[in-house]
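# Descriptive structure summary
Next come the chains, spelled out residue by residue.
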Amino acid sequence: MIRMIRKYEDWFGVAGGICIAVGLYLGLAASPPDYYQGEVVRIMYIHVPFASTSMTAYFVMTAASLWYLWKRNPIVDNMAHATAGVGVFFTAGALFTGSIWGKPTWNTWWTWDARLVSFTILLLILIGYLMLRTFIEDKEREARYAAVLAIVGAVDLPIVHFSVEWWRTLHQPLSVSPRGIAIAGAMLFPLILMSAGFYLILTYMVGVRTQMLYLQQLLEAKKGRLLGEVHL
Amino acid sequence: MSALRGIQLNKSYRHYQVLKEVSFDVAPGECYALFGPNGAGKTTLLKILATLQTPSSGRFEVMGLDGIRDRNQVRGILLMIAHGSYLYGELDAVENLRFALGLRGLSPADREIKIALDRVGIGAFADFKIRYFSEGMKKRLSIAKAMLIRPKVLLMDEPYSSLDERGMKIMNQFIRESTQQGAAVLMTSHNRAQSAEVAVKAGVLHQGVLHEIDVKELVAAHELF
Amino acid sequence: MNFFSVIRWLAWKDLISEMRSRETISSMFFFALIVILIFSFSFSMDQQTAKTLMPGIMWVAFVFTGIIGLGKSFLAELQNDCLENLQMNPIPRGAIYLGKLVSNFLFMLIVELILFPLFVIFFNLDVFDKLPLFVLILIAGTLGVSAVGTLFSAMTVQIRAREVMLPILLLPLIVPVMIGAVEATGSVLSGESVTFYRHWIELLVVFDIIFTIVSFWVFEFILDH
């Protein structure tokens, strides 16, 4: 598995880079401004890919965690760990760009929107996940506890989303719903390209980090063996 | 058939390999005494056998059952007496016994509990909260618990520590009784003289490697490691 | 099976211990009292704002005090290595979870029931005709917090920085409980008809069911390798 990652990861990185470069050009320069939102809408080309990749990252992390608890393959745990680290970056990116987008459209940086709250909770869970991992000595236990947290979080997030949505409709209904934007063809293509680029980069980053975590573990095991020999 | 058998057990933590290819064999009715300097890996080995930790590689068998795969059955066979007394401070001696036995589905009569407590010499403290017990008294209570459970395999981590001379006698008496009834005992120890009274096999664990030695050496040898 | 007897033994042990030491409940109670006082000083409230703020303040106090209790729950099992003993016993892990859940839930609920009259007095509330509804919301909300909390209490007690990690992991996950409980309490207080807040109580119940089942299932991976 590690060998496979090592063989293909660079291609993912390169392809992702190209997609994003072309997508950025098309999105920021070549595509028309939105009828309602004007030039502001261009942040969509970054925000939407950020949001969808971060959700996918959590999904992958949960799947890897379940797989780990089932098969106990340490590489799968490395993958879950790697995805969490990368996921923090993407989730923070989604929140940040969403906030920038929110300022001109909703006239506020922050609002208690269901998606915003869910993403914030997602970010908190991811950070908690990474913190938890640093506080456990035993590698096997670390992997187990982290997997449990990921699974419980995965069950929780949809409930958070629904409860905040209910709560929102009760207090202050949304003034502008971004869901209302009908996407024109000229905007769709760069968006797809950007999303593809983000997914490729996500895969690339997860691959690199998985490999790094795996090698780190291998190194520590080797070091342990060497130390043992020196003692003898 | 062996009661407790380790087969090439390895255990490593992040930087350090604690156990290296540890293999041993304890038959029913035998007592195996394990010696070794502090940090040699004795407690780690016991924790692996007690199904508290997994070995990094290798396996072990308890009464023919695989210690990792069949660990739930193995847990019903094993009993560990360790440094931690496994007692709750707010409960008294009898309640603690009842709780520990209750988890194993046992509910002995009051008389049996009384007898066991008397035999380990703490019958007078039966309704004292454990909070007020000394370490030696807790250890004696652990012996009483083991008497009532009658496990087929007993793991003991330094059974003589914190016991007075009378307590050590009670401990050895109990070990002898258990082995006579066919139980296997694996103990770690720093007390050669006491262990030599009951052990029929002995080994020294040194930096994770197990060397079997003759029991006679326990008293004869000037230095074990 | 001795599944239910294990639950009963564990809950019995925790309740007896608590009845004797009163350590957990009293510390929870005074902590909650202080939280409420601080809140009352921080917002200078008239009758009307008190009514709108009260549900939030009440549930924040309850959840914070719950974290105190949950943190102590498995800490008690660490003394004398009792947790190790539970792990070594041939008992279903889910039964350990449910046993601890029962005691955690009861401790939280008892403290809440003592505090509730104080809220009524401090905030001048008129609740007596809706008391059963309040109790229902209390039970549903408390079960949600303790279902997730018992799981994370067992997890964090075995790691470094446990005091910090319990709230960090627990609080984001119980956001739905907070929303549901606060909204339902608020609606009952303002005298709305039940159709307006039924869905909040349903949300709480669904959360309770889902997380009791999920935690029950994953608890095995907390205690067992």
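Our structure is the block above this text.
Sequence order as written defines residue numbering, which begins from 1 separately in each chain. Each chain gets a letter, beginning with A, and each ligand a number, beginning with 1, in the order they are written. Selection of residues for local features in this predicted model requires a pLDDT of at least 70, selection of side-chain atom pairs for listing and counting requires 80 or more, and totals for whole chains, interfaces and linings are taken over all residues. In computing side-chain values, all of the structure's heavy atoms are included and hydrogens and water are not.

What follows covers the pairing of strand β2 (residues 17–26) of chain B. Residue and element names in this part refer to chain B. Of all 10 residues in β2, seven are buried; the element is thus mostly enclosed. Whether two strands pair depends on DSSP finding at least two bridges between them. The numbering of helices and of strands both runs from the N terminus, where a helix is a DSSP run of H or I of at least 4 residues and a strand a run of E of at least 2. Bridge analysis of strand β1 (residues 4–12) against β2 gives six bridges, and the strand direction is antiparallel. Opposite Gly6, over in β2, you have Phe24 as the bridge partner. The buried label applies to any residue whose accessible area, calculated with a 1.4 Å probe on protein chains only, is under 20% of its type's maximum; exposed applies above 50%, and partly exposed to all values in between.

Pairing of aromatic side chains requires ring centres within 6.5 Å, counting the rings of Phe and Tyr and the six-membered ring of Trp. Pairs whose planes differ by under 30 degrees are stacked, by over 60 edge-to-face, and all others tilted. Scanning all chains against the criterion turns up 22 aromatic pairs over all chains. Put simply, the rings of Phe50, Phe89, Phe90 and Phe198 of chain A touch in pairs and so form one group of aromatic residues. The ring of Trp70 of chain A is capped by Lys71 of chain A, whose NZ or CZ atom sits 4.3 Å from the centre of that ring. Working rule: Lys NZ or Arg CZ, within 6 Å of ring centre, within 35 degrees of ring normal, means a charge sits over the ring. Over the aromatic face of Phe74 of chain C sits the side chain of Lys100 of chain C, whose NZ or CZ is 5.2 Å from the ring centroid.

So, about the nonpolar core. Put simply, buried Ala, Val, Leu, Ile, Met, Phe, Trp, Tyr and Cys residues joined by side-chain atoms within 4.5 Å make one nonpolar core. Leu132 and Val152 of chain A together with Phe119, Leu151 and Phe152 of chain C are the most contacted members of the largest nonpolar core, which has 144 residues in total. Between two residues, a contact is recorded if the distance between any of their heavy atoms is within 4.5 Å. Leu132 of chain A has contacts with Tyr145, Ala146 and Leu149 of chain A together with Met155, Ile159, Met165 and Leu169 of chain C, leaving out every residue within four places of it along the chain. Ranked by size, the runner-up nonpolar core spans 44 residues in total, among them Ala93, Ile149, Met168 and Ile170 of chain B.

Moving on, we get to the interface of chain C and chain A. In many reports, interface size means the accessible area that the parts give up when they come together. In this assembly, 30 residues from chain C lie in contact with 32 residues from chain A. With both sides pooled, the region where chain C packs onto chain A buries about 2,800 Å², and carbon together with sulfur makes up 78% of that total. For this analysis, a polar contact is any N or O atom pair within 3.5 Å, provided that within protein one partner can donate a hydrogen and the other can accept it, and provided that sequence-adjacent residues contribute only side-chain to side-chain pairs. Remark: the boundary between chain C and chain A carries nine residue pairs in polar contact (both at pLDDT 80 or more). By residue number, the principal contributor to the side of chain C that touches chain A is helix α9 (residues 194–223) of chain C, which donates 12 residues. The residue makeup of the side of chain C that touches chain A, split by class, is 24 nonpolar, three polar and three charged. Once two parts are brought into contact, the accessible area they lose, counted with a 1.4 Å probe and summed over both, makes up the buried area. Amino acids outside the nonpolar list (Ala, Val, Leu, Ile, Met, Phe, Trp, Tyr, Cys, Pro) and the charged list (Asp, Glu, Lys, Arg) are all regarded as polar, and Gly is one of them.

On to the sheet that holds strand β7 (residues 153–157) of chain B. All names here are of chain B. In space, the six strands of this open sheet follow the order β6-β7-β8-β3-β9-β10, with mixed pairing throughout. On the outer flanks of this sheet lie β6 (78–81) and β10 (209–213), each paired with one strand and no other. With strand direction ignored, the average angle separating the axes of adjacent strands in the sheet is 20 degrees. Sheet analysis places strand β9 (residues 201–206) next to β10, joined by five bridges and oriented antiparallel. In the strand pairing of β10, Leu205 is matched with Leu210. For helices, the fitted axis covers only the stretch in contact; all axes are lines through C-alpha atoms, and the angles between them, taken along N-to-C directions, range from 0 to 180 degrees.

For the rest of this paragraph, the subject is the pairing of β7 of chain B. Residue and element names in this part refer to chain B. With five of five residues buried, β7 is to be regarded as a mostly interior element. Neither face of β7 is left uncovered, since the one carrying Val153, Leu155 and Asp157 and the one carrying Leu154 and Met156 both have all their residues buried. Of the strand pairs in this sheet, β6 and β7 are connected by four bridges, and their pairing is parallel. Residue Leu78 lies in a different strand from β7, and its bridge partner there is Val153. Pairing of β7 with strand β8 (residues 184–188) involves five bridges; the strand directions are parallel. Residue Leu154 lies in a different strand from β8, and its bridge partner there is Val185. In this view, the connection linking β7 to its parallel neighbour β8 by way of helix α6 (residues 165–180) has right-handed handedness. When the strands point away from the viewer and the path from the first strand over the helix to the second turns clockwise, the crossover is right-handed.

Next up on the list: unusual backbone geometry. All names here are of chain A. Even without being glycine, Arg72 reaches a positive phi, approximately 55 degrees. Checked against the element boundaries, Arg72 lands in the loop between α2 (44–71) and α3 (74–106). Exposure remark for Arg72: the relative accessible area of 27% places this residue in the partly exposed category.

What follows deals with the environment of Phe50 of chain A. Residue and element names in this part refer to chain A. For Phe50, the location among the structural elements is in helix α2. The exposure class assigned to Phe50 is buried, which follows from its relative accessible area of 10%. Non-local contacts of Phe50, meaning those with residues more than four positions away in its chain, are made with Phe89, Phe90, Gly93, Ala94, Thr97 and Phe198.

Right, let's get into the sheet that holds β2 of chain B. Residues and elements named next belong to chain B. In spatial order, the strands read β2-β1-β4-β5; together these four strands make up an open sheet with antiparallel pairing. The strands lining the two open edges of the sheet, one partner per strand, are β2 and β5 (65–66). Here helix α1 (residues 42–49) sits on the sheet and contacts β1, β2 and β4 (57–62); the angle it forms with β2, its principal contact strand, is near 60 degrees.

With that settled, consider the interface of chain C and chain B. Listed per partner, the contact involves 27 residues of chain C and 29 residues of chain B. With both chains or domains summed, chain C and chain B bury close to 2,600 Å², and 57% of this area falls on carbon and sulfur atoms. By the criterion of area lost to chain B, the three top residues of chain C are Asn80, Met88 and His225 of chain C, representing 28% of everything that side buries. Of the charged contacts in the structure, one is a salt bridge between Glu84 of chain C and Lys47 of chain B, with a shortest N-O distance of 3.1 Å. Summed over the shared surface of chain C and chain B, the result is 11 residue pairs in polar contact (both at pLDDT 80 or more). Listing elements by their share of the side of chain C that touches chain B, those giving two or more residues are α1 (3–21) and α4 (82–88) of chain C. When residues of the side of chain C that touches chain B are assigned to their parent elements, the largest contribution, 10 residues, is made by α1 of chain C. Tallied by class, residues from the side of chain C that touches chain B come to 10 nonpolar, 10 polar and seven charged. Each reported salt bridge corresponds to a side-chain nitrogen of Lys or Arg within 4 Å of a carboxyl oxygen of Asp or Glu.

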